[in-house]
Amino acid sequence: MYRHLLFAMSLFALMGCGPPEEGPGPSPYERDDVLRLNHVQAKGTHNSYHLEPANPLDDSHLYSHASLDAQLSDHGVRQFELDLHYREDVGFEVFHLPLIDDLTTCQRFVECLALVEAWSDANPWHLPILIWLEPKDDADILDETLLGFLDRYDELEEEILSVFSRPRILTPDEVRGGHEDLPAALAAAGWPTLGALRGRVIFSLLDSGSHRDSYTAAAPNLADRLMFVAASSPTDPFAAMFKINDARGEADRVRDLVTDGFIVTSNVDGASGDATDNAAKLDASLAAGVHYGSSDYPTPVDGYAYWFDLPGGNPARCNPVYPVTACAPEDIEDLD
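Counting of residues starts from 1 at the beginning of each chain's written sequence and follows it residue by residue. Restriction of local features to residues with pLDDT of at least 70 applies here, the model being predicted, together with a cutoff of 80 or more for giving and counting side-chain atom pairs; totals for whole chains, interfaces and linings are based on all residues. In computing side-chain values, all of the structure's heavy atoms are included and hydrogens and water are not.

Trainee: Whenever I open this one, the state of the cysteines confuses me. Can you help?
Mentor: Here is the idea: a disulfide is a covalent bond, and it sits between the sulfur atoms of two cysteines. A pair of cysteine sulfur atoms is labelled a disulfide when the two atoms are within 2.5 Å. Throughout the structure, instances matching the rule amount to two disulfides. The disulfide that involves Cys106 links it to Cys112, with 2.1 Å between the sulfurs. One quick way to see it: the torsion about the S-S bond of Cys106 and Cys112 is about 105 degrees, and its sign makes the bridge right-handed.

Written as C-alpha coordinates, this is what we have:
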(Lines give C-alpha, C1' and ligand atoms only; values in the text may rest on other atoms or scores of the structure.)
Protein backbone atom coordinates (compact mmCIF):
# COMPACT_ATOMS: atom_id res chain seq x y z
CA MET A 1 0.00 0.00 0.00
CA TYR A 2 2.77 2.42 0.98
CA ARG A 3 4.62 1.82 -2.32
CA HIS A 4 1.40 2.45 -4.24
CA LEU A 5 0.88 5.76 -2.48
CA LEU A 6 4.43 6.89 -3.20
CA PHE A 7 4.00 5.89 -6.84
CA ALA A 8 0.86 8.01 -7.02
CA MET A 9 2.73 10.94 -5.49
CA SER A 10 5.45 10.58 -8.10
CA LEU A 11 2.86 10.70 -10.89
CA PHE A 12 1.43 13.91 -9.47
CA ALA A 13 4.90 15.44 -9.38
CA LEU A 14 5.71 14.39 -12.95
CA MET A 15 2.46 15.91 -14.14
CA GLY A 16 3.43 19.20 -12.48
CA CYS A 17 0.54 19.00 -10.05
CA GLY A 18 2.45 18.50 -6.83
CA PRO A 19 1.00 16.40 -4.01
CA PRO A 20 -2.74 16.60 -3.42
CA GLU A 21 -3.47 19.14 -0.69
CA GLU A 22 -5.42 16.60 1.38
CA GLY A 23 -2.27 14.47 1.73
CA PRO A 24 -1.10 11.15 0.28
CA GLY A 25 -3.55 8.94 2.17
CA PRO A 26 -3.69 7.11 5.52
CA SER A 27 -0.49 7.37 7.54
CA PRO A 28 1.67 4.26 7.88
CA TYR A 29 2.48 5.42 11.43
CA GLU A 30 0.03 3.87 13.87
CA ARG A 31 0.46 6.44 16.68
CA ASP A 32 0.08 9.55 14.54
CA ASP A 33 -3.16 10.47 16.29
CA VAL A 34 -1.43 10.35 19.71
CA LEU A 35 2.07 11.73 19.24
CA ARG A 36 2.55 15.47 18.85
CA LEU A 37 5.31 17.82 17.72
CA ASN A 38 6.57 18.41 21.27
CA HIS A 39 7.03 14.66 21.81
CA VAL A 40 9.89 14.64 19.30
CA GLN A 41 13.66 15.06 19.52
CA ALA A 42 15.40 15.48 16.17
CA LYS A 43 18.59 16.56 14.46
CA GLY A 44 19.07 20.04 13.01
CA THR A 45 21.88 22.11 11.56
CA HIS A 46 23.27 25.54 12.35
CA ASN A 47 23.82 27.89 9.38
CA SER A 48 22.51 25.02 7.29
CA TYR A 49 23.69 26.43 3.93
CA HIS A 50 27.27 27.11 5.09
CA LEU A 51 30.45 26.33 3.15
CA GLU A 52 33.89 26.92 4.66
CA PRO A 53 35.54 30.02 3.15
CA ALA A 54 38.90 29.77 1.42
CA ASN A 55 40.51 32.06 4.02
CA PRO A 56 38.50 31.78 7.26
CA LEU A 57 38.83 34.75 9.59
CA ASP A 58 37.46 32.87 12.58
CA ASP A 59 37.50 29.26 13.77
CA SER A 60 33.70 29.31 13.98
CA HIS A 61 33.64 29.40 10.14
CA LEU A 62 35.57 26.11 9.79
CA TYR A 63 32.79 23.79 8.63
CA SER A 64 30.78 22.90 5.54
CA HIS A 65 27.33 21.42 5.09
CA ALA A 66 25.88 19.27 2.34
CA SER A 67 23.01 20.67 0.29
CA LEU A 68 19.71 20.97 2.13
CA ASP A 69 18.11 18.06 0.29
CA ALA A 70 21.15 15.86 1.00
CA GLN A 71 20.94 16.76 4.69
CA LEU A 72 17.31 15.67 4.69
CA SER A 73 17.87 12.41 2.86
CA ASP A 74 21.35 11.35 4.00
CA HIS A 75 21.80 12.92 7.45
CA GLY A 76 18.28 12.80 8.87
CA VAL A 77 18.16 16.57 9.44
CA ARG A 78 14.71 17.95 10.21
CA GLN A 79 15.53 21.52 11.25
CA PHE A 80 17.40 24.22 9.33
CA GLU A 81 18.71 27.71 10.04
CA LEU A 82 18.97 30.12 7.12
CA ASP A 83 20.56 33.57 7.46
CA LEU A 84 18.80 36.14 5.30
CA HIS A 85 19.97 39.24 3.44
CA TYR A 86 18.09 41.40 0.95
CA ARG A 87 19.80 42.38 -2.30
CA GLU A 88 18.57 45.14 -4.55
CA ASP A 89 16.75 43.84 -7.66
CA VAL A 90 17.23 40.22 -6.49
CA GLY A 91 15.29 39.67 -3.29
CA PHE A 92 16.26 37.52 -0.33
CA GLU A 93 19.57 35.68 -0.31
CA VAL A 94 21.06 33.13 2.06
CA PHE A 95 24.62 33.36 3.40
CA HIS A 96 26.40 34.22 6.64
CA LEU A 97 28.39 37.47 6.35
CA PRO A 98 29.02 39.59 3.23
CA LEU A 99 32.58 39.41 1.86
CA ILE A 100 33.83 37.65 5.03
CA ASP A 101 31.93 34.36 5.16
CA ASP A 102 29.58 34.30 2.18
CA LEU A 103 29.90 30.86 0.55
CA THR A 104 26.61 28.98 0.46
CA THR A 105 25.07 25.84 -1.00
CA CYS A 106 22.03 27.83 -2.21
CA GLN A 107 22.31 31.57 -2.83
CA ARG A 108 18.72 32.64 -3.37
CA PHE A 109 16.20 32.01 -0.62
CA VAL A 110 13.62 30.57 -3.02
CA GLU A 111 16.24 28.16 -4.38
CA CYS A 112 16.91 26.89 -0.86
CA LEU A 113 13.21 26.41 -0.27
CA ALA A 114 12.77 24.64 -3.60
CA LEU A 115 15.29 21.98 -2.51
CA VAL A 116 13.30 21.33 0.65
CA GLU A 117 9.98 21.32 -1.21
CA ALA A 118 11.18 18.83 -3.84
CA TRP A 119 12.48 16.45 -1.18
CA SER A 120 9.26 16.83 0.81
CA ASP A 121 7.16 16.00 -2.24
CA ALA A 122 9.16 12.81 -2.73
CA ASN A 123 8.94 11.85 0.96
CA PRO A 124 5.40 12.72 2.06
CA TRP A 125 5.53 10.98 5.45
CA HIS A 126 8.40 12.98 6.88
CA LEU A 127 8.28 14.82 10.19
CA PRO A 128 7.51 18.52 9.87
CA ILE A 129 10.65 20.46 8.93
CA LEU A 130 11.35 23.47 11.12
CA ILE A 131 13.12 26.33 9.31
CA TRP A 132 14.52 29.18 11.38
CA LEU A 133 14.99 32.40 9.38
CA GLU A 134 17.55 34.76 10.88
CA PRO A 135 17.81 38.37 9.67
CA LYS A 136 21.55 38.91 9.26
CA ASP A 137 21.42 42.41 7.80
CA ASP A 138 23.38 44.11 10.58
CA ALA A 139 26.59 43.55 8.60
CA ASP A 140 25.17 44.41 5.17
CA ILE A 141 26.86 47.80 5.21
CA LEU A 142 29.92 45.93 3.89
CA ASP A 143 28.17 45.50 0.53
CA GLU A 144 26.36 48.47 -0.99
CA THR A 145 24.08 46.19 -3.05
CA LEU A 146 22.61 44.75 0.14
CA LEU A 147 19.69 46.52 1.76
CA GLY A 148 18.29 46.07 5.24
CA PHE A 149 14.93 44.32 5.22
CA LEU A 150 13.19 45.69 8.28
CA ASP A 151 9.46 45.75 7.42
CA ARG A 152 9.94 43.68 4.24
CA TYR A 153 8.13 40.75 5.84
CA ASP A 154 5.22 40.73 3.41
CA GLU A 155 7.74 40.21 0.62
CA LEU A 156 9.47 37.49 2.64
CA GLU A 157 6.16 35.69 3.15
CA GLU A 158 5.41 36.05 -0.57
CA GLU A 159 8.68 34.31 -1.42
CA ILE A 160 7.83 31.48 0.96
CA LEU A 161 4.38 31.11 -0.58
CA SER A 162 5.85 31.08 -4.07
CA VAL A 163 7.36 27.69 -3.16
CA PHE A 164 5.10 26.21 -0.47
CA SER A 165 1.33 26.43 -0.64
CA ARG A 166 -0.25 27.73 2.56
CA PRO A 167 -1.75 24.33 3.56
CA ARG A 168 1.79 22.89 3.58
CA ILE A 169 2.82 25.39 6.28
CA LEU A 170 1.93 25.14 9.97
CA THR A 171 0.97 28.70 10.92
CA PRO A 172 0.47 30.39 14.30
CA ASP A 173 -3.24 30.74 13.53
CA GLU A 174 -3.59 26.95 13.23
CA VAL A 175 -1.94 26.39 16.60
CA ARG A 176 -3.71 29.25 18.35
CA GLY A 177 -7.18 28.27 17.17
CA GLY A 178 -9.82 30.14 19.16
CA HIS A 179 -7.52 31.01 22.05
CA GLU A 180 -6.32 34.50 22.88
CA ASP A 181 -2.64 33.82 22.34
CA LEU A 182 -0.19 31.00 21.68
CA PRO A 183 0.74 30.17 25.31
CA ALA A 184 -2.95 29.81 26.16
CA ALA A 185 -3.48 27.54 23.16
CA LEU A 186 -0.52 25.32 24.04
CA ALA A 187 -1.68 25.03 27.65
CA ALA A 188 -5.22 24.09 26.61
CA ALA A 189 -4.82 22.09 23.41
CA GLY A 190 -1.11 21.52 22.77
CA TRP A 191 0.56 21.12 19.40
CA PRO A 192 -1.08 19.35 16.47
CA THR A 193 -0.54 15.62 16.16
CA LEU A 194 2.15 14.21 13.90
CA GLY A 195 -0.62 12.92 11.68
CA ALA A 196 -1.65 16.53 11.01
CA LEU A 197 1.93 17.66 10.43
CA ARG A 198 3.61 15.05 8.23
CA GLY A 199 4.84 16.42 4.93
CA ARG A 200 4.66 20.01 6.15
CA VAL A 201 7.06 22.82 7.11
CA ILE A 202 7.21 25.37 9.92
CA PHE A 203 8.88 28.78 9.66
CA SER A 204 10.08 30.82 12.64
CA LEU A 205 11.82 34.19 12.68
CA LEU A 206 15.07 34.00 14.66
CA ASP A 207 15.35 37.46 16.18
CA SER A 208 14.67 38.99 19.57
CA GLY A 209 15.14 42.65 18.63
CA SER A 210 13.88 45.10 16.03
CA HIS A 211 12.81 42.48 13.49
CA ARG A 212 10.71 40.58 16.00
CA ASP A 213 9.24 43.82 17.34
CA SER A 214 8.28 44.93 13.85
CA TYR A 215 6.90 41.55 12.77
CA THR A 216 4.68 41.26 15.85
CA ALA A 217 3.69 44.94 16.14
CA ALA A 218 0.28 44.66 14.45
CA ALA A 219 -0.56 41.32 16.09
CA PRO A 220 1.43 40.25 19.18
CA ASN A 221 -0.33 36.87 19.04
CA LEU A 222 0.81 36.48 15.39
CA ALA A 223 -2.72 36.53 13.95
CA ASP A 224 -2.61 36.26 10.14
CA ARG A 225 1.17 35.82 10.16
CA LEU A 226 2.90 32.99 8.33
CA MET A 227 5.82 32.55 10.71
CA PHE A 228 6.34 31.94 14.40
CA VAL A 229 9.01 34.00 16.17
CA ALA A 230 11.71 33.27 18.73
CA ALA A 231 10.22 34.01 22.16
CA SER A 232 12.05 35.33 25.21
CA SER A 233 9.52 34.46 27.90
CA PRO A 234 6.75 31.85 28.15
CA THR A 235 4.35 34.72 28.88
CA ASP A 236 4.98 36.45 25.52
CA PRO A 237 1.71 36.36 23.54
CA PHE A 238 3.73 34.96 20.61
CA ALA A 239 5.55 32.37 22.73
CA ALA A 240 5.66 28.93 21.09
CA MET A 241 9.21 28.58 19.77
CA PHE A 242 12.46 29.22 21.65
CA LYS A 243 16.07 29.24 20.41
CA ILE A 244 18.54 28.85 23.28
CA ASN A 245 22.15 28.89 22.17
CA ASP A 246 23.59 26.76 24.97
CA ALA A 247 21.17 24.48 26.81
CA ARG A 248 24.02 23.18 28.93
CA GLY A 249 24.11 26.48 30.83
CA GLU A 250 20.31 26.78 31.00
CA ALA A 251 19.25 23.17 31.49
CA ASP A 252 16.59 23.94 34.10
CA ARG A 253 15.03 26.64 31.92
CA VAL A 254 15.01 24.35 28.89
CA ARG A 255 13.45 21.52 30.86
CA ASP A 256 10.74 23.82 32.21
CA LEU A 257 9.91 25.14 28.74
CA VAL A 258 9.76 21.63 27.30
CA THR A 259 7.57 20.41 30.16
CA ASP A 260 5.20 23.34 29.54
CA GLY A 261 4.83 22.37 25.88
CA PHE A 262 7.02 24.94 24.14
CA ILE A 263 9.36 23.93 21.29
CA VAL A 264 13.05 24.50 22.01
CA THR A 265 15.97 24.51 19.58
CA SER A 266 19.53 24.72 20.90
CA ASN A 267 23.03 24.72 19.44
CA VAL A 268 24.49 21.37 20.49
CA ASP A 269 28.05 21.96 19.26
CA GLY A 270 30.21 24.48 17.40
CA ALA A 271 33.04 24.50 14.90
CA SER A 272 35.21 26.49 17.31
CA GLY A 273 34.82 23.91 20.09
CA ASP A 274 36.95 20.81 20.58
CA ALA A 275 35.48 17.33 20.26
CA THR A 276 35.29 16.69 24.01
CA ASP A 277 33.51 19.95 24.70
CA ASN A 278 31.08 19.42 21.83
CA ALA A 279 30.23 15.92 23.04
CA ALA A 280 29.52 17.22 26.54
CA LYS A 281 27.35 20.03 25.17
CA LEU A 282 25.40 17.59 23.01
CA ASP A 283 24.76 15.17 25.88
CA ALA A 284 23.59 17.96 28.20
CA SER A 285 21.32 19.46 25.52
CA LEU A 286 19.61 16.16 24.72
CA ALA A 287 19.16 15.35 28.40
CA ALA A 288 17.57 18.78 28.96
CA GLY A 289 14.99 17.87 26.33
CA VAL A 290 15.69 20.22 23.42
CA HIS A 291 13.46 19.26 20.51
CA TYR A 292 15.93 20.19 17.78
CA GLY A 293 19.70 20.07 18.22
CA SER A 294 21.32 22.55 15.86
CA SER A 295 24.72 21.22 14.78
CA ASP A 296 27.77 22.12 12.70
CA TYR A 297 28.58 18.40 12.48
CA PRO A 298 25.51 16.35 11.51
CA THR A 299 27.73 13.69 9.97
CA PRO A 300 31.29 12.41 10.61
CA VAL A 301 34.21 14.57 9.46
CA ASP A 302 37.63 13.06 8.69
CA GLY A 303 40.11 13.71 11.46
CA TYR A 304 37.54 14.96 13.99
CA ALA A 305 36.41 12.71 16.85
CA TYR A 306 32.93 14.18 17.31
CA TRP A 307 29.70 14.27 15.31
CA PHE A 308 26.01 14.61 16.19
CA ASP A 309 24.83 11.02 16.43
CA LEU A 310 21.31 10.99 17.89
CA PRO A 311 21.15 7.84 20.05
CA GLY A 312 18.25 5.65 19.05
CA GLY A 313 17.03 8.10 16.45
CA ASN A 314 16.63 7.31 12.79
CA PRO A 315 16.28 10.23 12.16
CA ALA A 316 14.44 11.26 15.35
CA ARG A 317 13.39 9.82 18.68
CA CYS A 318 10.92 10.33 21.51
CA ASN A 319 11.79 13.29 23.74
CA PRO A 320 13.05 11.96 27.09
CA VAL A 321 11.72 14.98 29.02
CA TYR A 322 8.19 14.68 27.64
CA PRO A 323 7.60 10.92 27.87
CA VAL A 324 4.65 9.32 26.14
CA THR A 325 3.47 5.80 26.92
CA ALA A 326 4.81 3.22 24.47
CA CYS A 327 6.50 5.78 22.21
CA ALA A 328 9.26 4.27 20.08
CA PRO A 329 11.58 5.99 17.56
CA GLU A 330 9.93 4.14 14.68
CA ASP A 331 6.65 5.81 15.67
CA ILE A 332 8.24 9.21 15.02
CA GLU A 333 9.91 8.56 11.68
CA ASP A 334 11.55 5.40 10.41
CA LEU A 335 13.98 5.74 7.51
CA ASP A 336 14.33 1.95 7.35
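Trainee: How do you make sense of the environment of Ile129 when you look at a structure like this?
Mentor: Helix and strand definitions here come from DSSP, where helices need a minimum of 4 consecutive H or I residues and strands a minimum of 2 consecutive E residues; each element is numbered from the N-terminal end. With respect to the helices and strands, the residue Ile129 is situated in strand S4 (residues 129-135). When a residue's accessible area, from a 1.4 Å probe over protein chains only, is under 20% of the maximum for its type it is buried; when over 50% it is exposed; and in between it is partly exposed. On the basis of relative accessible area, Ile129 is assigned to the buried category, the value being 0%. A C-alpha to C-alpha distance of 18 Å links Ile129 and Asp173, two positions 44 residues apart in sequence. Contact between two residues is taken to exist if any of their heavy atoms lie within 4.5 Å; hydrogens are not considered. Filtering out sequence-adjacent residues up to four positions away, Ile129 remains in contact with Leu72, Arg78, Phe80, Val116, Trp119, Arg200, Val201 and Ile202.

Trainee: What is the right way to look at helix H10 (residues 275-288) in this model?
Mentor: Since there are 3.6 residues in each turn of an α-helix, residues three or four apart along the chain are aligned in direction. A helix is expected to span 1.5 Å for every residue after the first. Between its first and last C-alpha, H10 extends 20 Å over 14 residues, near the 20 Å set by a 1.5 Å rise per residue. In this structure Asp274 caps H10, since a side-chain oxygen of it lies 3.2 Å from the backbone nitrogen of Thr276. Gly289 sits one or two residues past H10 and shows a positive phi near 100 degrees. Within 3.5 Å is the distance limit for a polar contact, defined as a pair of N or O atoms, with the added protein rule that one can donate a hydrogen and the other accept it, and that residues adjacent in sequence qualify only through two side-chain atoms.

Trainee: Would you explain the packing of aromatic side chains in this entry?
Mentor: Centre distance and the angle of the planes are the two values used to describe a pair of aromatic rings. Centres within 6.5 Å make a pair out of two Phe, Tyr or Trp rings, where for Trp the six-membered ring is used; the pair is then stacked when the planes are under 30 degrees apart, edge-to-face when over 60, and tilted otherwise. If you walk through the whole model with that rule in mind, you get nine aromatic pairs. Look at Tyr86 and Phe92: their rings are 5.0 Å apart centre to centre, the planes differ by 75 degrees, and that puts the pair in the edge-to-face class. As far as the burial class goes, Tyr86 and Phe92 line up, both buried. Taken together, a centroid distance of 6.1 Å and an interplanar angle of 65 degrees make the contact between Phe164 and Phe203 edge-to-face. Of this pair, Phe164 sits in the loop between helix H4 (153-161) and helix H5 (172-176) while Phe203 sits in strand S6 (residues 201-205), and the two are 39 residues apart along the sequence. The two residues Phe164 and Phe203 agree in class, both being buried. Connected via pairs of aromatic rings, a cluster forms that spans Tyr86, Phe92 and Phe149. Of note, Arg198 hangs over the ring of Tyr29, and the distance from its end group to the ring centre comes to 3.9 Å. Only lysine NZ and arginine CZ atoms are considered, and such an atom sits over a ring when it is within 6 Å of the ring centre and within 35 degrees of the ring normal. Its end group placed over the ring of Tyr215, Arg225 keeps NZ or CZ at 4.1 Å from the ring centre.

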